[in-house]
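# Geometric and topological summary
Given next are the chains, with one letter for each unit.
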Amino acid sequence: RRVLFRSPEYMYRDSLTGVRNAAAYKREVEKLEARLQSAPHPFAVCVMDVNNLKQTNDVHGHEAGNQLLINATRFICSIFAHSPVFRIGGDEFVAILEQSDYEKRVPLLQRFDACNGTITFVAAESEATLSVSVARGLAEYNPATDSSYSDVFNRADGSMYVHKKACKARALRS
């Protein structure tokens, strides 16, 4: 009897979206923390949360919610094409920007905002046309004030919640 072994990398991929998962994120943060201790370098963290997932699930079904997550992932990865993207929770994603994406973080965020909400898909179960909207927050590492990765993450997370409120307010005005 032969035993087939799969690459251990599959353990670090989200089965729905194909991006790196929470275990991969934890591993990446540990590596980044170790690098910061020996040689601090510039980086930024973008925390993202898919808007309206619960409502999509409730109104259009869970398959539509899965489609929303898949389309949101494609959108996120199209913006941060040179950065690792992680799905760290149900509708929560993180991109860690280093090197070229760090250098281009302002235009990347501008492109994110310009394209956000313009992507649509047809929900399989309800045949409704739904749009992809993602709240985001970005924070940059500051060696003078940040003692760890979590300091940067927490600022990015706080910024994302401010952006999420603004997205909801815009949706109510529409």
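Keep in mind that what you see is a predicted model, and the values were worked out from it rather than measured.

The rules behind these values
- Residues numbered from 1 in each chain as written.
- Predicted model: local features only at pLDDT ≥ 70, side-chain atom pairs only at ≥ 80, totals over all residues.
- Heavy atoms only, no water.
- Salt bridge = Lys/Arg side-chain N within 4 Å of Asp/Glu carboxyl O.
- Helix = DSSP H or I, 4+ residues; strand = E, 2+ residues; numbered from the N terminus.
- Buried < 20%, exposed > 50% of the residue type's maximum accessible area, 1.4 Å probe, protein only.
- Contact = heavy atoms within 4.5 Å.
- Pairing = 2+ DSSP bridges.
- Axes fitted to C-alpha atoms, helices over the stretch in contact; angles between N-to-C directions.
- Nonpolar A, V, L, I, M, F, W, Y, C, P; charged D, E, K, R; others polar.
- Phe/Tyr/Trp six-rings, centres within 6.5 Å; stacked < 30°, edge-to-face > 60°.
- Lys NZ or Arg CZ within 6 Å of the ring centre and 35° of its normal.

## Quick word on the pattern of salt bridges
Oppositely charged side chains can pair when the atoms bearing their charge come close. With the rule as written, the count across this model stands at eight salt bridges. One salt bridge in this structure joins Arg136 and Asp113, with 2.6 Å as the shortest N-O distance. Here Arg136, found in strand β6 (residues 134-140), pairs with Asp113, found in helix α5 (residues 105-115); they are 23 residues apart in sequence, far enough to count as distant. Look at Asp113 and you get partly exposed, because its relative accessible area is 34%.

## So, the environment of Tyr102
Position of Tyr102 relative to the elements: it lies in helix α4 (residues 99-103). In this structure, the C-alpha to C-alpha distance between Tyr102 and His82, residues 20 residues apart in sequence, is 9.6 Å. Among all residues touching Tyr102, those that are not within four sequence positions of it are Pro42, Phe43, Ala44, Leu97 and Glu140.

## Notes on the sheet that holds β6
The strand order across the open sheet formed by four strands is β2-β3-β1-β6, and the pairing between neighbours is antiparallel. Two strands bound the open sheet, and with one partner strand each, they are β2 (85-87) and β6. Shown here is a sheet whose adjacent strand axes are inclined to one another by a mean of 20°, direction ignored. Here six bridges tie strand β1 (residues 44-50) to strand β3 (residues 92-97), and the two strands are oriented antiparallel to one another. Residue pairing for β3: Met48 is matched across the bridge by Phe93. Together, β1, β2, β3 and β6 form the strand contacts of helix α3 (residues 62-79), whose direction differs from that of β1 by roughly 155°.

## Side note on the packing of helix α2 (residues 53-60) against α3
Look at α2 against α3: their axes get within 6 Å of each other, and the N-to-C directions meet at 145°. Listed contacts from α3 to Leu53, Thr56, Asn57 and His60 of α2 are His62, Ala64, Gly65, Leu68 and Leu69. Residues belonging to the contact of α2 with α3 are distributed by class as follows: four nonpolar, five polar and no charged.

## A short note on unusual backbone geometry
Backbone geometry at Asn52 places phi at a positive 70°, although glycine is not the residue there. Counting through the fold element by element, Asn52 comes out in the loop between β1 and α2. On the basis of relative accessible area, Asn52 is assigned to the partly exposed category, the value being 45%. Although it is not a glycine, Gln99 adopts a positive phi angle of roughly 50°. With respect to the secondary-structure elements, Gln99 resides in helix α4.

## What to know about the side chain of Asp49
Residue position: Asp49 is located in strand β1. A relative accessible area of 5% means that Asp49 is categorised as buried. Discounting residues that sit within four places of it in the chain, Asp49 has contacts with Asp91, Glu92, Ser133, Val134, Ala135, Met160 and Lys164.

## Quick word on the packing of aromatic side chains
Centre-to-centre distance and the angle between the planes together describe a pair of aromatic rings. Scanning the entire structure with this criterion turns up seven aromatic pairs. Among the aromatic residues, those joined into a cluster by ring pairs are Tyr25, Phe43, Phe86, Tyr141, Tyr149 and Phe153. The ring centre of Tyr102 lies 4.0 Å from the NZ or CZ of Arg105, which sits over that ring.

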